[in-house]
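Reading the structure
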Amino acid sequence: MPADESASTPRQPYVLTFSKPTLKLFETTLPTLKEDSRQCIENLLGYRARRTQVKFPRSQSAAVLVPLFIGRAGDLYVLLSRRSASLRQYAGDTALPGGKVEHQDITVEDTARREAFEEIGLIPDRERVPLLCVMEPFLAGNQMVVTPVVVLILDKTMQPNLNESEVTSIFSQPLASFLASSFTFPPYRVPDSSIPYHTIMEWEWSGGGTIRMHRFLTGREADGVKPVFGLTASILIYIAIWGYRRAPDFEFQPPNAPTQAQQIACALLTPSNSLRLACEYEGIDADMIAAFVLHAPKELNSEPGMIEWDKSGQDWRRLTEGPIPLRVDVIKQEIHNNALVRQDMYKERQKCHREVGEGSEGEVAERRSGRNERKDGDAKL
């Protein structure tokens, strides 16, 4: 029998899926890009979330943008913001740019990019700031579904334009630092020596089990900047784990912790929860969505089972056996078939894009300049 060619043929790097202008920008970073940073970008490009196809109620859905960039020494950094002290919620907290889904948003990526533009002036240019991946959703405040959208800022000429009513300042932190229980700050940063770099707090989950939250110092506490805490910290740990393909040197969650999918499903099945009430208002079958969340295929992004469902007192069996999961399987197959069709259409558009882009460098630059002028307006570049 002939040898399996797929096993012997090296996999093409995911970065080659970038458009030509994006690939050119990426290539300018290669002389300084560290190998683990390059591999992290590759891994995030190859990440495929399974639950982003779920239709959650829009009124209880939000997205955050996770803007990564490559530092001078070739490490990956994440851009963080200090929320304005005048905000009604989470005033002064260290956060990622983001917010609730609005009527004009078609996808969670649209939401994340729009919010980042409104808060810190990061222009939603998919060539200069390409998408790396959309992560699995998180549950915030036991009622809001938050989806992280990871992008890579390649154009270093872009300048922030802060909306001071929402953001006081922005700063960066190495992405890999969220996998460490200790971190050596640069000499110009003076963290509070009385507080460890990484600390945790835990509480009992209403559905059974224990949830752990993490806190990381920024080294800017003397200037009033709060540590990275809660949902933001959990998202960054999760992204760093999948990007660098290694576990943190601390225990992320205790053995009896519920997964994010289990937390979302529990919220959907709780009669008084805002997430379930929003489903009823928007005509969405909350039980079906809960089954869909729990029934997601566990392939590349598989999660270990954390707790026994009977601890929560919920009737989970009907969500994992019988007619509901059969309906879920049918829906998933339809989504898979539609995704294949869209993939073929995308490849065809990319082919046409490459053929059109074969013009002279001057023509290509002129077309890009025209698009940027129309899109950016008077935004600072």
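Coordinates for the structure precede this section.
Keep in mind it's a predicted model, so treat the numbers as computed, not measured.

Cut-offs and rules
Within any chain, residue numbers begin from 1 and follow the written order of that chain's sequence. Since the coordinates come from a predicted model, pLDDT governs what is reported: local features require at least 70, and pairs of side-chain atoms require 80 or more to be given and counted, while whole-chain, interface and lining totals use all residues. Hydrogens and waters are ignored; side-chain quantities use all the structure's heavy atoms. Counting from the N terminus, the helices are DSSP H or I runs at least four residues long and the strands are E runs at least two residues long. Counted as a polar contact is a pair of N or O atoms within 3.5 Å, where, for protein atoms, one must be capable of donating a hydrogen and the other of accepting one, and residues adjacent in sequence contribute only when both atoms are in side chains. Should any heavy atoms of two residues lie within 4.5 Å, those residues are considered in contact. Stacked, tilted and edge-to-face pairs are distinguished by plane angle, under 30 degrees for stacked and over 60 for edge-to-face with tilted covering the rest, among Phe, Tyr and Trp rings (Trp via its six-membered ring) whose centres lie within 6.5 Å. Under the scheme applied here, a residue whose accessible area is under 20% of the maximum for its type counts as buried, over 50% as exposed, and between as partly exposed, the area being computed with a 1.4 Å probe on protein chains only. Each pair of strands is called paired provided DSSP finds at least two bridges between the two strands. Think of each axis as a best-fit line through the C-alpha atoms, taken over the contacting stretch in the case of a helix, with angles from 0 to 180 degrees between the N-to-C directions.

Side note on the side chain of Asn 43
Among the secondary structure elements, Asn 43 is positioned in helix 3 (residues 35-45). Here Gly 243 takes part through its backbone oxygen, which lies 2.7 Å from a polar atom of the side chain of Asn 43. Once residues lying within four places of it in the same chain are set aside, the contact partners of Asn 43 are Trp 242, Gly 243 and Arg 245.

Observations concerning the packing of aromatic side chains
What the rule picks out here adds up to eleven aromatic pairs. Aromatic pair Phe 138 and Tyr 238: ring centres 5.7 Å apart, planes at 90°, arrangement edge-to-face. Here the residue Phe 138 occupies a position in strand 6 (residues 138-140), and Tyr 238 occupies one in helix 5 (residues 230-244), the gap between them amounting to 100 residues. On the accessibility criterion, Phe 138 (4% relative accessible area) is buried. Seen in terms of ring centroids, Phe 216 and Phe 250 are 6.0 Å apart; in terms of plane orientation they differ by 55°. Their pairing is tilted. One end of the pair, Phe 216, is in strand 10 (residues 210-216); the other, Phe 250, is in the loop between helix 5 and helix 6 (260-269), and 34 residues separate them in sequence. Of the two residues, Phe 216 and Phe 250, neither departs from the other in class, the shared state being buried.

Some words on helix 3
Three or more residues of helix 3 are buried, namely Ser 37, Cys 40, Ile 41, Glu 42, Asn 43, Leu 44 and Leu 45. Buried residues along helix 3 sit in contact with helix 2 (20-27), strand 1 (61-70), strand 2 (76-83), strand 5 (131-134), strand 7 (144-153) and helix 5.

Topic: the sheet that holds strand 10
Spatially, three strands are ordered 9-10-11 in an open sheet, and the strand pairing comes out antiparallel. This sheet does not close on itself; its edge strands, each paired only once, are strand 9 (198-204) and strand 11 (228-229). Examined bridge by bridge, strand 10 and strand 11 share two bridges and lie antiparallel to one another. Each bridged residue has a counterpart across the sheet, and for Phe 216 the counterpart in strand 11 is Val 228. Helix 5 rests against strand 10 and strand 11 of the sheet, and its axis sits at about 90° to strand 10.

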